[in-house]
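Examining the three-dimensional arrangement
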Amino acid sequence: MAPTPVSKQATDNLPAECKEIVGRRSEASDIKRLLSSTRLLTLTGPGGVGKTRLAVYVAASVRRSFSDGVWLVQLASLQGEELLGRAVAQALGVHDRASRSSLETLIDYLRTKQILLVLDNCEHLIDACAAFADALIRAAPEVRILATSRESLGVQAEALYVVPPLSLPPTDRPLAAGDMHRYEAVALFLERAKAIDPFFDLAANSGSTAKLCQLVDGIPLAIELAAVRLRVLSLDQIISRLGDRLHFLTQGYRTAIPRHQTLLATVGWSFDLCSPQEQTLWQRLSVFSGGFDLSAAEEVCSGDGLPREDTLPLLAALIDKSVLTCDRKGAQARYGMLELLRQYGEERLAEGGSQADLRRRHLDYYRRMAERTQAGWFSPLQVSYYASVVHEMPNLRVALDYSFSDPDRAEAGLKIVTRLYGYWVYFGGFSEARYWLDRALQLVHGANPVRFRALATAALFALMQGDIDAAIPLVDECSVLADNWKDDGAQAMVKCLSGRQALLHGDYQSAVDLLGDSVGWYEENADILSDDDVLQGPFLPAFYLALAAVFGRDPRADAFAARCWKIAEDAGAQGEISMGVWVTGMECWLAGETAQAIELFQTSMRIGCSIGYRYGPAWAIESLAWATAAQGRDERAARLLGAAESVRQILGLPLPKFHAYAEAHNDCESALRTRLGDAAFEASLEQGAGLDFDEAVAYALEIPAHPVKTAAAPEQPTETMELTQREIEVAKLIAQGKRNKEIATRLVISLRTAEGHVEHILTKLGFNSRTQIAAWYIDHFAPPSEE
């Protein structure tokens, strides 16, 4: 029998608060645009991320576009597929005179209607919802469906939209009270907090509010449940208890449906909807932190009832259920899990008794990754290895923490720390490296190579930070071990450390002697170095040798600098090339070749920053200030001094501990104060000191401020400014710091032809220096690795 509507006047059944939402402006706009071009749109995402609220909000905003209204069908409480038709009919206000409303009868009713149907929480009725949606959009041309589900319906006509968490404030700087409402997660918490406590002080709690939102990943449900606790706890007390957040946020709003009363219920509901194998993989994946790729998941999680070949389809299933996210922007897809979901899986893993085994497998996997990184670091593949380490640092930290929680595992962790030497240097992460090494040294005792490696690496990083007091006992213990062993390799390492120490003290002749011996040994034994050798080659002692010779006015300084640069170029390692270019610039500066020095300093920064090298720019900006002052550009030189100080503070590099640099800095500052006057000098210095890292680098390079591109996210060119393919090859070599003669040799062309290509590039791009060409190449193409 034909159904009849209960009310012909009603055009929706949306809740009264349907027009209320915090943020989501961009998402709402995207969804409305998609709804205009698709018949079935499914909003996916994990439980608590706000799919329902966003769907209802969008439905309310497009209500006028549907003459027969917009209708919300809430499926969360529905326990069986057979009840789906009845639930939809009830939501539409349709009664059937038969004993039950079949889907066929309902579809007949909707066949001529212009309706937006919102199917909310489809995941536990996925097959029934898919069949209904497919039949409906085929039979009713004016009906559109907006569904929410933790996995896609799998219908051919379906479009998907992944609902992200609310936007979060940055973690690298404090949040100003005036900036609160810029971030959706903060705005939501403040709205809920004000509803509970009208006297909640926004300005006094800005930092804590930001921290809480970050701890719960910007998930709206978690934020709202946390805000409820302001009735009985201070904000700081809530934050302190969020370490056990899954169990702490136990009581939500009583009017919420049961599965939303706690985060545990929300996550548990998702878990129960997974197959046993999916549940097993979810639990095992909880050992990862910050994401993982397919290889890691297969190596760490397969086995013991979970075949390796099943890993990929199970990952796909967990993505469909919104347990995992998938980022396909890079060369390899990376998978992630919101922290709340990861912690739930971790608890289930611990309950099952297999957590220790998974943690060991995780540690072994990332130890092997660190070993591969060391083996390929000093090569043209450095950029790729750097990008890989950047992605995996959260996992590497988890592995290190697990390793150093037990002396029996300490050696594995030590291998990770020492084999990530290049990462620590180029990211400027000395303090973190020293933290892990200090933990290692507390566990690894005795006169053995393992302890020597830890001591030497810790000493090296302490010296790089200018912390001579901490370095001295480390170097002394290394020296005793090397002498007792009568090991030439260990003694060469000690000479490198001692030479670096002498350089910091300003004892340049001793530094040259010690470092010269160290370089000689490493060059002679480069082919037989052990994997356990910290330096893995002659470059670092060669770099320090060139620097000691430059500051000591040694007549061999130019030859030492050229050798340092050549070692790096022969290997094709971009970070070391940038260091070689910089030390050559230092030699030019002290030789009075100021313009050439400035060009080399800027080229060094461009090459280094293209791979995320942060240590080098700290000194390149400083030395650029000295050379700029020598040109008489005094205000800019003073700003550069301030910018260099800002970068050093970010990296924890105190200038007074570096004798040579401090002396040159003081001479430069004195000259600038004399020429500018104290007031003008201080004003310019303060302007430079107010710059962050990226702004300081941009100012030094005389380009508009923007985040420096790194190897982790290179951009491809949008146009090539009419350069020929050969000219682009020449631009690439210029970006690597090559001179015309070297370009000619590399491309097998005459020197005159190489010079002609450079002139053509300058003319076509409207530039007047090679530094600008290098900047153009790095800004438009991936970082210039050598082939």
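I will try to describe carefully the structure that is included in this document. (Residues numbered from 1 in each chain as written. Predicted model: local features only at pLDDT ≥ 70, side-chain atom pairs only at ≥ 80, totals over all residues. Heavy atoms only, no water.)

1. Some remarks on the overall build of the chain
If you tally the helices and strands in the chain, you get 37 helices and 10 strands. In the chain, which comprises 787 residues, the share counted as buried stands at 55%. Long-range contacts, defined here as pairs at least 24 residues apart, represent 71% of the contacts in the chain between residues at least 6 apart. By element, 49% of the accessible surface of the chain is carried by carbon and sulfur atoms, the whole surface being about 33,100 Å². (Helix = DSSP H or I, 4+ residues; strand = E, 2+ residues; numbered from the N terminus. Buried < 20%, exposed > 50% of the residue type's maximum accessible area, 1.4 Å probe, protein only. Contact = heavy atoms within 4.5 Å. Areas by Shrake-Rupley, 256 points an atom, 1.4 Å probe, with all protein chains shown as cover.)

2. Topic: the packing of helix α13 (residues 294-301) against helix α14 (residues 311-320)
Packed helices, taken two at a time, are described by the angle between their axes plus the distance between the axes. Interaxial distance between α13 and α14 falls to 10 Å at its minimum, and their mutual angle equals 115 degrees. Judged by the angle between their axes, α13 and α14 are roughly perpendicular. Handedness of the crossing formed by α13 with α14: right-handed. Each of L294, A297 and E298 in α13 lies in contact with α14, whose residues at this interface are T311, L312 and L315. (Axes fitted to C-alpha atoms, helices over the stretch in contact; angles between N-to-C directions. Parallel < 35°, antiparallel > 145°, perpendicular 65-115°, else oblique. Left-handed = near helix turned anticlockwise from the far one by under 90°.)

3. Some details on the pattern of salt bridges
Applying the stated criterion across every chain, the model contains 34 salt bridges. Here R439 makes a salt bridge to D401, at a shortest N to O gap of 3.0 Å. Within this pair, whereas R439 is found in helix α20 (residues 430-443), its partner D401 is found in helix α17 (residues 382-403), the two being separated by 38 residues in sequence. One salt-bridge network, in which partners are shared between bridges, spans E298, E299, R308 and R368. (Salt bridge = Lys/Arg side-chain N within 4 Å of Asp/Glu carboxyl O.)

4. A closer look at helix α8 (residues 220-228)
In terms of burial, α8 is a largely internal element, 9 of the 9 residues being buried. Where α8 is concerned, the buried positions are P220, L221, A222, I223, E224, L225, A226, A227 and V228.

5. With respect to the packing of aromatic side chains
In this structure the tally under the stated criterion is 24 aromatic pairs. With a centroid separation of 6.3 Å and 80 degrees between ring planes, the pair formed by W582 and Y661 is classed as edge-to-face. Taken together, the residues W582 in helix α27 (residues 574-590) and Y661 in helix α31 (residues 659-676) connect sequence positions 79 residues apart. Judged on exposure class, the residue W582 and its partner Y661 are both buried. For the pair W589 and W626, a centre-to-centre distance of 5.1 Å together with 35 degrees between the ring planes defines the contact as tilted. With W589 in helix α27 and W626 in helix α29 (residues 615-630), this residue pair connects regions lying 37 residues apart in the sequence. (Phe/Tyr/Trp six-rings, centres within 6.5 Å; stacked < 30°, edge-to-face > 60°.)

6. Remarks on the nonpolar core
Counting residues in hydrophobic clusters, the biggest one holds 191 residues, and the most contacted among them are F189, W282, L285, M464, W582, I621 and Y661. When sequence neighbours within four positions are dropped, the list of residues in contact with Y661 reads L547, F551, W582, W619, W626 and L655. In this structure, C122, A139, V143 and I145 belong to the second largest nonpolar core, which totals 35 residues. (Core = buried A, V, L, I, M, F, W, Y, C linked by side-chain atoms within 4.5 Å.)

7. Here's the deal with the sheet that holds strand β9 (residues 325-327)
In a beta sheet, neighbouring strands pair by backbone hydrogen bonds and run either parallel or antiparallel. Across the sheet, which stays open at both edges, the 3 strands sit in the order β8-β10-β9 with antiparallel pairing between neighbours. Strands at the two margins of the open sheet, each flanked by one partner only, are β8 (292-293) and β9. (Pairing = 2+ DSSP bridges.)

8. Focus: the sheet that holds strand β7 (residues 158-162)
Strand order in the open sheet formed by 5 strands is β3-β5-β6-β2-β7, and the pairing between neighbours is parallel. Where the open sheet ends on each side, the last strands, each with one partner, are β3 (70-74) and β7. The sheet shows a mean angle of 20 degrees between the axes of neighbouring strands, taken without regard to direction. Note: strand β5 (residues 115-120) against strand β6 (residues 143-149), 6 bridges, orientation parallel. Of the residues in β6, the one forming a bridge with L117 is I145.

9. A few points about the environment of L294
Mapped onto the elements of the fold, L294 is located in helix α13. Taking the relative accessible area as the measure of exposure, L294 reaches 25% and is therefore partly exposed. Residues L294 and L312 lie 18 residues apart in sequence; the distance between their C-alpha atoms is 7.2 Å. Residue contacts for L294: discarding those within four places in its chain leaves T311, L312, L315, A333 and Y335.

10. A short note on the side chain of N395
In this fold, N395 is placed in helix α17. Of the polar contacts made by the side chain of N395, one reaches the side chain of H362; its length is 3.1 Å. Excluding anything up to four places from it in sequence, N395 contacts V287, F288, S289, G291, R334, H362 and Y366. (Polar contact = N/O pair within 3.5 Å; in protein donor to acceptor, adjacent residues only side chain to side chain.)

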